[in-house]
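Structural overview for review
Each chain, written out:
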Amino acid sequence: MDVLDLARTQFAVTGSLHFLFVVLTLGLAPLIAITHTRHAVTGRPEHERATRFWGQIYVTNYALGIFTGLVMEFQFGLSWSGLSEYAGDVFGAPLAIETLGAFFLESTFLGLWIFGWNRLNRWVHLACIWMVTLTAYASAFWIMAANSFLQNPAGAVERGGRLVLTDFGALLGNPALVNSLPHVVGAGLWAAGFLVMGASAYQLFRRTTEREFFTSSLRTGLLVAFAGSLVTVGFGYAQFGTLALYQPDKFGSPLAGTALGIMIIVGQLVQLLLLLLAPLAYWLPRWRWAQPFLMILTPLPFLLAICGWLAREVGRQPWLINGRLTVADAMSPGLTSGMVTVSLVGFTGVLGLLALADYLLIARAVRRGPTAVALGAEDEPAPAVREPALSH
Amino acid sequence: MDVLWLGVLALLLVGYFALEGFDIGLGMLLPVLGRTQRDRDTVVSAMAPFVLANEVWLVAVAGVLFGAFPEVEGRVLYGLYPLVVTLLISWILRDAGLWFRRRLDGTGWRAAWDWAICIGSYGLALSWGLILAAIAQGLPESPSPLAGFGYAVVVAGALALHGWTFASWLLPGRVTGRGRTGGALLASACAAALPAAVPLAVLAPWLLEHAAPGGTLGVLSLIILPLTPVMAGAQVWTWRTFGPRRAAGRLPSFF
């Protein structure tokens, strides 16, 4: 592989890892916020247990979203400095707004939510998770706006060899954005629904003592996944209409075409299945034979989400900014195979191992069930003041 | 407008060192301040509620660099390639230690992640020292290794002092055996931020020359400035919620 292939591989691997975790964050956040709201309003203990149990899975997943996200943010400058050189005045704006106006708040409020159990006022604590949810969706909006600019550089003109922002409204009203954003949001709900459904099926199959808890969550997971699939598929097909305007030959290459084909065929089959299962939501948790089947379905929306990104990104080759800047021209001048190889091994090695560990920790949280949850547990007593004579 | 965004960038970078500085410092001191597992749990619990609110200042620095000074972003990050990669891997290692250490029972698991926190924190402090020294020298092809080493030691020392002071302020007598006032914490925050202020001053004229055009900065200002009260409010609120008055009795135990 030459240096360009290596740099692209690095972006593809870290980007795919990032989205595996982000897609679940996006889908779970509103479910946790709604469950927390039911807890705050009714004060009933089962809602508190549900908030803490699914919340622990949510924050464990969130950690990897942060780690991979850090590499994503800095990778632009490391490997693709030609992008900021040529289009930073336009492309940088949505990214800067995402970090300052969305992620800065999301991270601060997430800290308040995680550590604020048993110390914040009930309504204030609830407001924190809603702020986390709101800013997570704001993040998704700005990142998709930035990505859509790469698909279709709307709102900018070239002046003196660089792109200049001329119409911010056009950047936000980009036809590459209007249908892809709800497509991604739907995929998040679909993934979160499948995780909740699969985890509940696992617990029921093991003849859990928490029958009521997981019967109810299995139904919720199924219905959320079904709703998510309607949004995802609907806005997936809707993208073809506008795509003809800016990338008519998008799926000509074998990889982009295959990724698109898998996404459509498998996605449609799973959606058909959800259509059949949704009316049976009340009875489904009792059917023991169905539980292993629901468990093994869990990874599907995640794999389809990766196919979606492959289709969207590979289909634009050789352009980084469609029709304006090629990936070859965007690569940092002077970047060597040695540099990228070392960082590629470092990033994918560390992030890959941490991702694996994180999935095992999520699986463990699912297996232990709602009785042993660290999130929101009683605080530990602070240690005693050390006697000066005993300190060294 | 470009001066305003230079101010934002400076505030975020200085704020990062003043705030995240004590997390990094405590991570470096973890084996010293926490001889037993229980003591290490206390040190981590002390910084835990602040880490997410602190480290995000650097995410914001990179965002502002990209949005308001895009040409500088590419050149600085690419120019410091191996150091930035080291910084990122150290940061991830430190964060993984915090997030994972309590997710499994067993002393070996937790002790191993405590070492990840310590090593990651040293990696952060030392790579920051080398990065700041290289920027202060004007990003030459091969910056002086002696200056870099010296600066790395200074940065690591300042962050360790800041971490020690923070623990003595939040939990007087319980971690370091001493107590420190808010004034002392402010002084150590300044000591932690000072090594970043010098290279920033060197970089300032270059940043101003390469600021994004007025149209881009106008859009950024229009969207971000109305949000600053919420951003500042959430930060202040974190300190009110987890400050020394509330920390004395009980400590949160998620990290």
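What comes next is a walk through the structure. (Residues numbered from 1 in each chain as written. Chains lettered and ligands numbered in written order. Predicted model: local features only at pLDDT ≥ 70, side-chain atom pairs only at ≥ 80, totals over all residues. Heavy atoms only, no water.)

Focus: the packing of aromatic side chains
All chains considered together, the criterion is met by 41 aromatic pairs over all chains. Ring centres of phenylalanine 11 of chain A and phenylalanine 76 of chain A lie 5.6 Å apart, and the angle between their planes is 55 degrees; on these two criteria the pair is classed as tilted. Residue phenylalanine 11 of chain A is found in helix H1 (residues 3–42), and its partner phenylalanine 76 of chain A is found in helix H2 (residues 45–79); the two are separated by 65 residues along the sequence. The exposure class assigned to phenylalanine 11 of chain A is partly exposed, which follows from its relative accessible area of 24%. Classification of phenylalanine 76 of chain A as buried rests on a relative accessible area of 13%. An angle of 35 degrees between the planes, with centres 6.2 Å apart, marks the rings of phenylalanine 254 of chain B and phenylalanine 255 of chain B as tilted. By relative accessible area, which is 1% here, phenylalanine 255 of chain B ends up buried. Among the aromatic residues, those joined into a cluster by ring pairs are Phe22, Phe50, Phe166, Trp169, Trp239 and Phe242 of chain B. The ring of phenylalanine 205 of chain A has arginine 288 of chain A sitting right over it, with the charged end atom 4.4 Å from the ring centre. Here the basic side chain of arginine 103 of chain B rests over the ring of phenylalanine 254 of chain B, its NZ or CZ set 3.9 Å away from the ring centre. (Phe/Tyr/Trp six-rings, centres within 6.5 Å; stacked < 30°, edge-to-face > 60°. Helix = DSSP H or I, 4+ residues; strand = E, 2+ residues; numbered from the N terminus. Buried < 20%, exposed > 50% of the residue type's maximum accessible area, 1.4 Å probe, protein only. Lys NZ or Arg CZ within 6 Å of the ring centre and 35° of its normal.)

Brief notes about unusual backbone geometry
Between glutamine 317 of chain A and the following residue, proline 318 of chain A, the backbone shows a cis peptide bond with an omega angle of 5 degrees. For proline 318 of chain A, the location among the structural elements is in the loop between helix H11 (300–314) and strand S3 (319–321). Although it is not a glycine, arginine 207 of chain A sits at a positive phi angle of roughly 55 degrees. Position of arginine 207 of chain A among the secondary structure elements: in the loop between helix H7 (180–205) and helix H8 (211–246). For leucine 139 of chain B, which is not glycine, the phi dihedral falls at a positive 50 degrees. Judged by relative accessible area, leucine 139 of chain B falls into the partly exposed class, the value being 24%.

Some points on empty space enclosed by the protein
All names here are of chain A. If you walk through the whole model with that rule in mind, you get 5 cavities of 30 Å³ or more. In this structure, the largest cavity occupies an estimated 580 Å³ of space. Around the largest cavity, the lining comprises 30 residues; the ones closest to its centre are His183, Gly236, Gln239, Met263 and Gly308. Within the residue set of the lining of the largest cavity, elements represented by two or more residues are helix H4 (122–151), H7, H8, helix H9 (254–277) and H11. Looking at the lining of the largest cavity residue by residue, the classes come out as 19 nonpolar, 9 polar and 2 charged. Of the voids in this model, the second largest cavity is the one considered here, and its volume is about 310 Å³. (1 Å grid on protein atoms, 1.4 Å probe; cavity = no way out; pocket = protein on both sides within 12 Å on 5 of 7 lines; lining within 4 Å. Points joined across faces, edges and corners; volume = space filled by probe spheres on them. Nonpolar A, V, L, I, M, F, W, Y, C, P; charged D, E, K, R; others polar.)

Looking at the interface of chain B and chain A
Facing the 75 residues of chain B at the interface are 79 residues of chain A. The largest contributions to the chain B side of the interface with chain A come from Phe66, Tyr78 and Tyr81 of chain B, which together make up 10% of the buried area. The interface formed by chain B and chain A includes 5 salt bridges. A salt bridge links arginine 162 of chain A to glutamate 71 of chain B, with the nearest nitrogen and oxygen atoms 3.0 Å apart. The tally of links from chain B across to chain A stands at 16 residue pairs in polar contact (both at pLDDT 80 or more). With 18 residues, helix H2 (residues 37–68) of chain B is the single largest residue contributor to the side of chain B that touches chain A. By the bridge criterion, 2 bridges tie strand S5 (residues 380–381) of chain A to strand S1 (residues 250–251) of chain B in an arrangement that is antiparallel. Each residue of the ladder has a partner; that of proline 381 of chain A, found in S1 of chain B, is arginine 250 of chain B. (Contact = heavy atoms within 4.5 Å. Buried area = accessible area lost by both parts, 1.4 Å probe. Salt bridge = Lys/Arg side-chain N within 4 Å of Asp/Glu carboxyl O. Polar contact = N/O pair within 3.5 Å; in protein donor to acceptor, adjacent residues only side chain to side chain. Pairing = 2+ DSSP bridges.)

Considering the side chain of aspartate 89 of chain A
Mapped onto the elements, aspartate 89 of chain A comes out in helix H3 (residues 81–115). Among the polar contacts made by the side chain of aspartate 89 of chain A, one reaches the side chain of arginine 162 of chain A at a distance of 3.4 Å. For aspartate 89 of chain A, the contacting residues outside a window of four places in its chain are Arg162, Leu163 and Leu165 of chain A together with Pro70, Ala212, Pro213 and Thr216 of chain B.

Considerations on the layout of surface pockets
The space that makes up the largest pocket amounts to roughly 1,300 Å³. Around the largest pocket, the lining is made up of 49 residues, and of these Phe11, Gly15, His18, Met72 and Ile143 of chain A lie nearest the centre. For the lining of the largest pocket, the secondary-structure elements that each account for two or more residues are H1, H2, H3, H4 and H11 of chain A together with H2 of chain B. In terms of residues, the lining of the largest pocket owes the most to one element, H1 of chain A, which gives 12 residues. The residue makeup of the lining of the largest pocket, split by class, is 30 nonpolar, 12 polar and 7 charged.

Digging into H11 of chain A
Taking 1.5 Å per residue as the helical rise, H11 of chain A with its 15 residues ought to reach 21 Å, and the 21 Å between its terminal C-alpha atoms agrees with that figure. Where H11 of chain A is concerned, the buried positions are Pro301, Phe302, Leu304, Ala305, Ile306, Cys307, Gly308, Ala311, Arg312 and Val314 of chain A. (Expected span 1.5 Å × (residues − 1).)

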